[in-house]
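Next come the chains, spelled out residue by residue.
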Amino acid sequence: MKEIIIPSVVFLFLTVMVVAGMVFYLRLMLHRTEIEAMSEYRRLAELTVSNQEQLQAQLAELSTRLSDVERILRSVG
């Protein structure tokens, strides 16, 4: 009976270790994928902020030009 129990326990232990190793590896790969996705989101957020700042600058310039045009029209009329 002991001849079967000890090898069975060793085989079960090795099986559990292999499965645990695979789970750990798959979680590591999932984590790496999430990190890459988050870095891409961060890059897109920075690009969006940059574009928004440019649009704000253009809007401020257009507002200045519009007020100048309004001032000129009022002085003519």
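Here is a short report on the structure shown in this document. Fair warning: this is a prediction, and the values are worked out from it, not measured in the lab. (Residues numbered from 1 in each chain as written. Predicted model: local features only at pLDDT ≥ 70, side-chain atom pairs only at ≥ 80, totals over all residues. Heavy atoms only, no water.)

**Digging into the overall build of the chain**
- Each helix and strand in the chain was counted, giving one helix and zero strands.
- Over its C-alpha trace the chain gives a radius of gyration of 33 Å, far above what one expects of a compact globule, namely 11 Å for 77 residues.
- Dimensions along the principal axes, computed over C-alpha positions, put the chain at roughly 110 × 10 × 5 Å.
- With 77 residues in all, the chain has 0% of them scored as buried.
- Only carbon and sulfur atoms are counted for the fraction: they give 69% of the accessible area of the chain, which is about 7500 Å².
- Of note, the chain has its 8 positive side-chain charges centred 3 Å away from the centre of its 9 negative side-chain charges. (Helix = DSSP H or I, 4+ residues; strand = E, 2+ residues; numbered from the N terminus. Rg over C-alpha atoms; globule rule 2.2 N^0.38 Å. Buried < 20%, exposed > 50% of the residue type's maximum accessible area, 1.4 Å probe, protein only. Areas by Shrake-Rupley, 256 points an atom, 1.4 Å probe, with all protein chains shown as cover. Lys, Arg positive; Asp, Glu negative; His and termini not counted. Charge placed at Lys NZ, Arg CZ, Asp CG, Glu CD.)

**Details of a nonpolar patch on the surface**
- Side chains of Met 1, Ile 5, Ile 6, Val 9, Val 10, Phe 13, Leu 14 and Met 17 sit close together on the surface and give an oily, nonpolar patch of about 840 Å² of accessible area.
- Along the chain, the position of Ile 6 falls in helix 1 (residues 2-76).
- By relative accessible area, which is 55% here, Ile 6 ends up exposed. (Patch = residues over 30% accessible without salt bridge, like charges linked within 9 Å, V, L, I, M, F, W, Y side chains within 5 Å. Salt bridge = Lys/Arg side-chain N within 4 Å of Asp/Glu carboxyl O.)

**What to know about the pattern of salt bridges**
- Tallying each qualifying case throughout the model produces three salt bridges.
- Between Glu 40 and Arg 43 there is a salt bridge, with the nearest N and O atoms lying 2.8 Å from each other. Of this pair, Glu 40 and Arg 43 are both found in helix 1, three residues apart, which corresponds to roughly one turn of the helix.
- For Glu 40, a relative accessible area of 35% translates into the label partly exposed.

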